Amino acid sequence: MILSIESSCDDSSIAITKIENNKLIFHKKISQEKEHACYGGVVPELASRLHAIDLPNILEECKPYFSDLKAVAVTNQPGLGVTLIEGIAMAKTVAVTLDIPLLAVHHLKGHIYSLFIEKKQILPLLVLLISGGHTQIIRVESLDKMTILATSIDDSVGESFDKTAKMMGLGYPGGPIIEQLAQKGDENRFALPIPLQNSPLIAFSLSGLKNAVRLTIERLGGSDAMKEQDRCDLSASFQKAVKLHLIQKSKKIFEKESIKDFAIVGGASANLYIREAYEILCKKYKKRLHTAPLKYCSDNAAMIGRYAIEAYKKKLFVEPYEIDVVYTKKRQSGTEL
Ligand code: KG4
Ligand code: ZN
């Protein structure tokens, strides 16, 4: 079995996965959303302190499996340095104490492997990754050949939902709140711009749309003056613009890439309105659409463990004295993930 640890942002999570059949033996996640909500976003230092409390408590529950462990895996990039280090310190300790190998996992590759939790992997694959930190389309050929085909030049999808919610005086995380309000709203009430609509650039950008949302709120007299229906209509109009932007740029990729399997992963892939739009697009382009179960869309250690199984088979081990947080630079399209 492999023990995997995830602490890249505001979720403390540990999983244990069986190597021979990908079966999830143990999985627990303690989310810090409530603690960060009053700040309208994640406070790194607070997140770090909460990981230092929650991770050891979860690890305690894993003790009965210690004698079955063949390796320990941990997310080491990308994420918040002060929170990643909590998981890394724990993974090092477990590896040295139990004398088992250590695997360093790239968080975004983990999100891709959320598709294969308790399943066999499907490759090659085109993936749209929409999370709190990233918006990317990636061509996944193998474990170590993942190429970025399109990426965001500013805010990510998750971030734009969070900021829209914050500007309307709503809670954190904004994604689920906006999706819910949008269900009761008129998506055609506010004519918000579709980002990069007339640009040949195959990239994602959401800061202009965010600004248009801000101006709309100002025109309505500020968030306090907004009525419940205004919030629902603005949520729906915003969500529609995000969807049209994602679909327009994805179409361009679909026209160039012949791979038949397409997937959406990451926290924002839990959005059913966006999923529906991709069901229609995939039908049109004769692609098979794959998504992870809703509970595995947001950050979790089960996806880190699933990736780790493949890395373990390839013996991609790191020494405990070598592993550290990797401060990832923003990657350009055309480069490896
Ligand atoms: O993948 P994730 O858990 O963390 C990162 O790796 O960033 O993604 C979290 C992001 C948050 O910005 C959250 O608002 C967004 O995913 N999110 C959603 C939905 N559920 C979560 N965005 C849109 N619609 C949703 N239903
Ligand atoms: Zn994530």
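You'll find the structure just up there.
Along each chain, residue indices are assigned from 1 in the same order as the chain's sequence is written. Ligands are numbered from 1 and chains lettered from A, in the order in which they are written. Per-residue local features of the predicted model are confined to residues with pLDDT of at least 70, and side-chain atom pairs are confined, for both listing and counting, to 80 or more; whole-chain, interface and lining totals are unaffected and use all residues. Excluding hydrogens and water, the side-chain figures rest on all heavy atoms present in the structure.

Colleague: I tried to follow the pairing of strand 8 (residues 145–151) on my own but got confused; where do I start?
Modeller: On a regular strand, one side chain projects to one face of the sheet and the next to the other, so that they alternate. Relative accessible area decides the class of each residue, using a 1.4 Å probe on protein chains only: under 20% of the type maximum gives buried, over 50% gives exposed, and in between gives partly exposed. Put simply, DSSP marks the helices as runs of H or I at least four residues long and the strands as runs of E at least two long, and each gets a number from the N terminus on. With six of seven residues buried, strand 8 lies mostly within the body of the structure. Two strands pair under a simple rule: DSSP has to find at least two bridges between them. As judged from the six bridges shared by strand 7 (residues 135–142) and strand 8, these two strands associate in the antiparallel manner. What sits directly across from Ile137, in strand 8, is Ala150. Where strand 7 folds back onto strand 8 in an antiparallel hairpin, the turn is made up of two residues.

Colleague: What should I look at first to understand the coordination of the zinc ion (ligand 2) in this one?
Modeller: In ideal tetrahedral geometry, four donors around a metal make angles of 109.5 degrees, whereas ideal octahedral geometry with six donors gives angles of 90 or 180 degrees. On the protein side, the zinc ion (ligand 2) has His107 (NE2), His111 (NE2) and Asp299 (OD) as donor atoms, found 2.0 to 2.1 Å from it. Note that water is not among the atoms used; donors are N, O and S atoms within 2.8 Å of the metal (3.2 Å for Na, K and Ca), so sites may look incomplete. Sites are called tetrahedral only when four donors show all angles between 85 and 135 degrees, square planar or octahedral only when four or six donors show opposite pairs over 155 degrees and all other angles between 65 and 115, and irregular in any remaining case. Taken together, the four donor atoms coordinating the zinc ion (ligand 2) and their angles of 96 to 135° define a geometry best described as tetrahedral. Site description for the zinc ion (ligand 2): donor spacing in sequence, H-x3-H-x187-D. Of the two residues, His107 and His111 both sit in helix 4 (residues 107–113), four residues apart, roughly one turn of that helix. Taken as a pair, His107 and His111 share a single burial class, namely buried.

Colleague: Any chance you could explain the pattern of salt bridges here in plain terms?
Modeller: Side-chain pairs of opposite charge can arise where the charged atoms are in close proximity. When a carboxyl oxygen of Asp or Glu lies within 4 Å of a side-chain nitrogen of Lys or Arg, that pair is called a salt bridge. Applying the stated criterion to the full structure yields 18 salt bridges. For Lys29, the salt bridge identified is with Asp11, shortest N-O distance 3.9 Å. In this pair, Lys29 is assigned in strand 3 (residues 24–31) and Asp11 in strand 2 (residues 11–17), connecting sequence segments 18 residues apart. Classification of Lys29 by relative accessible area gives partly exposed; the value is 29%.

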